[in-house]
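Spelled out, the chains give:
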Amino acid sequence: MHASPFPILGLSGGIAAGKSFVAGKLAARGWAVVDADGLAREAVLPGSEGLTALVAAFGPGCLRPDGALDRAWLAAHVFSDDAARARLNAILHPRIEALLAGRLAGLPADTRGAVLDAALWVERGKAHHFDAFWTVDAPEVLRLQRLQARDGITREAALARLRAQATPPERALHADLVIPNDGRDLTGILAGAEVALLANWKVRRARTWRTPMPAPFSADQLRDVLATLLSRGGDYGEAFVERRRAHALGMDDGRMEDVLASETFGASLRLVDGETTRFADLIAPTFEELTEAARTLAAPGTGGAAGVPALLLKTHPTPSPVERDPGRVALSEKVALVRRAEALARTEAEALRPGALKQVSVGYGDSTQRVWIAAAESRNGAWSGTLTEDHRTQVVLRANVTAGDGTQLQTGYQALGETRGFELFTDEAVAHTVREAARLAVQALDAQPAPAGTFPVVLSSSAGGTMIHEACGHGLEADLALAGMSAFAGKLGQKVAAEGVTIIDDGTLPHKRGSQAIDDEGNPVSRVVLIENGVLKAYLQSRKTSRKMNAEPTGNGRRESYRHLPIPRMRNTFLAAGSEAPEAILRDLDRGLLVKRMGGGQVDTVTGNFVFQVTEGYWVENGEPKYPVKNATLSGCGPEVLKGLTRIGTDLHHFDIGTCGKDGQGVPVSDALPTILCPALVVGGTAEPLPSVI
Ligand SMILES: [Zn+2]
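Predicted, not measured: the structure shown is a model, and the values here were computed from it.

1. Re the sheet that holds strand 16 (residues 527-532)
And step 1. Read across the open sheet, the six strands follow the order 17-16-15-20-27-26; overall the sheet is mixed. Of all strands in the sheet, those bounded by a partner on one side alone are strand 17 (535-536) and strand 26 (656-662).
And step 2. Pairing between strand 15 (residues 503-506) and strand 16: four bridges, direction antiparallel. Note on strand 16: the bridge partner recorded for Ile503 is Ile531.

2. Topic: helix 13 (residues 427-445)
And step 1. An ideal rise of 1.5 Å per residue puts 27 Å on 19 residues; helix 13 measures up with 28 Å between its terminal C-alpha atoms.
And step 2. Residues Val430, Thr433, Val434, Arg435, Glu436, Ala437, Ala438, Leu440, Ala441, Val442 and Ala444 constitute the buried set of helix 13.
And step 3. In this fold, the buried residues of helix 13 make contact with helix 12 (331-352), strand 11 (382-404), strand 12 (409-418), strand 22 (609-621) and strand 23 (624-630).

3. Concerning the UniProt feature "domain: Metalloprotease TldD/E central" (unreviewed entry) in the protein chain
And step 1. UniProt's entry tags residues 325-445 with the feature "domain: Metalloprotease TldD/E central" (unreviewed entry), counted in the numbering of this structure.
And step 2. For residues 325-445, the end-to-end C-alpha separation is 40 Å, with 34% helix and 46% strand making up the annotated structure.

4. Thoughts on the environment of Leu74
And step 1. Mapped onto the fold, Leu74 is located in helix 4 (residues 71-78).
And step 2. A residue is classified by how many C-beta atoms lie within 10 Å of it, and Leu74, with 19 of them, is partly exposed.
And step 3. In sequence terms Leu74 and Pro180 are 106 residues apart; their C-alpha atoms lie 36 Å from each other.
And step 4. Here Leu74 is in contact with Phe58, Cys62 and Leu69, once residues within four sequence places are set aside.

5. A few points about the pairing of strand 23
Remark: a regular strand shows side chains that alternate across the two faces of the sheet.
And step 1. Pairing of strand 13 (residues 448-449) with strand 23, which is carried by two bridges, proceeds in the parallel orientation. Of the residues in strand 23, the one forming a bridge with Gln448 is Val629.
And step 2. The pairing of strand 22 with strand 23 spans five bridges and is antiparallel. Of the residues in strand 23, the one forming a bridge with Gly617 is Val629.
And step 3. The antiparallel pairing of strand 22 with strand 23 creates a hairpin that spans two residues between the two strands, and Asn622 there sits at a positive phi of about 50°.

6. Regarding the nonpolar core
As a rule of thumb, nonpolar side chains are buried together in soluble globular proteins.
And step 1. Core analysis: the biggest nonpolar cluster contains 66 residues, and Val457, Val458, Leu593 and Val595 have the highest contact counts within it.
And step 2. At six residues, the largest contribution of residues to this core is made by strand 22.
And step 3. Apart from residues lying up to four places away in sequence, Leu593 is in contact with Phe455, Val457, Gly617, Trp619, Val620, Ala632 and Val683.

7. Section: the domain arrangement of the protein chain
And step 1. Structurally, the protein chain comprises domain 1 (8-208), domain 2 (219-446) and domain 3 (449-684).
And step 2. One C-alpha centre belongs to domain 2, the other to domain 3; they are set 23 Å apart.
And step 3. Between domain 2 and domain 3, the contact holds 30 residues from the first and 24 residues from the second.
And step 4. Counting only elements with at least two residues in the side of domain 2 that touches domain 3, the list comes to strand 6 (236-252), strand 7 (255-273), strand 8 (276-283), strand 10 (357-379), strand 11, strand 12 and helix 13.
And step 5. When its residues are assigned to classes, the side of domain 2 that touches domain 3 shows 11 nonpolar, 11 polar and eight charged.

Rules behind the numbers
Residues numbered from 1 in each chain as written. Predicted model: local features only at pLDDT ≥ 70, side-chain atom pairs only at ≥ 80, totals over all residues. Pairing = 2+ DSSP bridges. Helix = DSSP H or I, 4+ residues; strand = E, 2+ residues; numbered from the N terminus. Expected span 1.5 Å × (residues − 1). Buried ≥ 20, exposed ≤ 12 C-beta atoms within 10 Å, placed from the backbone. Contact = placed C-beta atoms within 7 Å. UniProt positions renumbered as here; feature names shortened; annotations may be inferred. Core = buried A, V, L, I, M, F, W, Y, C linked by C-beta atoms within 7 Å. Domains from an automatic or database assignment. Nonpolar A, V, L, I, M, F, W, Y, C, P; charged D, E, K, R; others polar.

Next up, the structure:
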């Protein structure tokens, strides 16, 4: 796909949003439209080699009497069986990709561009594979009307089909362009977007599908290391090689206190033999040293030598293309950024309340990590080998403002960070970050003690998804579930949350802090639906846990660095958007708390019990925020909150960033939720307790 001489546009959209209508418009502008969903049907037409393979795998029961594929039978058989679904995908996907490649290769080289039209690019975790990704959206009421008229179904049936897809706000997070197909003339929108796409697709493609990086070890050397590692038995051998360059600056009260730069090169080897794992990590090893470490790890084994095949580098597209590699940005420019942010924070705080500013701290950090992962694995006696690489870029700017009024000090904190290059720090983004920190600090001076008691709480989408991450997400990591250390252990297929509650972890979201091309075991990242409409669907898997659970790896095997073993970790975790206007949710809050920012907290992942600080909250009466509150805490139980969620907003857009700690390893993550109503949370405050309303 990334070798085509013309741009490739991914096109998707909600059911009955008018995707085919837009595809038709593009066809009229000279684009070649490929119906990618149609290719999936074509791959298993009667008489096709694909259908023969399916019959061999699933038996003649998967055929209808007329010899065509019985899709309903197949769907029923793979629905709750991960292994069967993996078998199906292993048959279908390569054939669909071959058909697609054939279709693209058959187009003339001077084709204006190809539109790959499919309903589920986001759901399949492929929205970042294209030179641009556009989605078509239309108001829900219009979509329901169209769907009912088109397919002759009830409103409820139409709504159920809408709910089975990614929501429009989620699709928009992936899209370069959202086309509003609400009856307006789209000519101008399409023409403008087409001009931009035709002008920059080559640059974008080169950033998305990087050319292979100069590697510390060749593919042949890594194969030799794996062969040595597996020379005396084992089921799985792996070499993880990492180069990392990082910078950090810290400014306090106008003084540059910290300027740190680091350069790391290391590698580790992992040998899995049944239940046993052997592991070694080496700083800046030579090929000979790596081989020697492999020999040492292999020595205790008593088995035969593995037939490790030759390794061929396979690259995966990144969801986070980078314009300006921060590793190549001069230190002076980073210093200038921090100074600019610091000065602006002072100006902002002074403008908000003269004389209140007490202290400003600004921190900057960047990290560019390059990894190469070579692995050999035995399945059913046959050895396969993989070699992958990834180039990961993180930048972050943090602002802390402290304000005082003679009797108290209050702090405001705001961070800006993505998997992006130095281009993230536009004047607008930097100004917004420091302005928020200053506003929070100064506003907190006027806050009143929060009432204490059990109240309904509206969590605004600006609060971020800390609660989803902490109180639910960790319990959905397969290692904790396997160890019985999770409220969700053993509950696959069971109702664990209210109807309408869908929780997703997605490593393919463009530029989000937990996004990467591959995980730290070489598996492509994916979009994992953990809870769908209240039902537990999946856990986050590493290679090891997926084997134990007879599931597929989900691309969530992560490690802090080459010195650590990979374990299942979250990436970008969020509660899917619902259908309510956020204002309507707040309007119905008679008496309770509106939370706009969450701070740190504590959580017991076994029970999901949590306590979080509220860093921006308002006491609400009759749907109106009355006054800001200070020193409030929220406590409750994550799984119980999920069961009680009845009102979920449409406004999913803000992702909070953080570094998640687990087993002594920190990895970058982000999380989000739309505005929600929690009917009863315990609010800890310092004011006199009010009679609880629940
Ligand atoms: Zn965490």
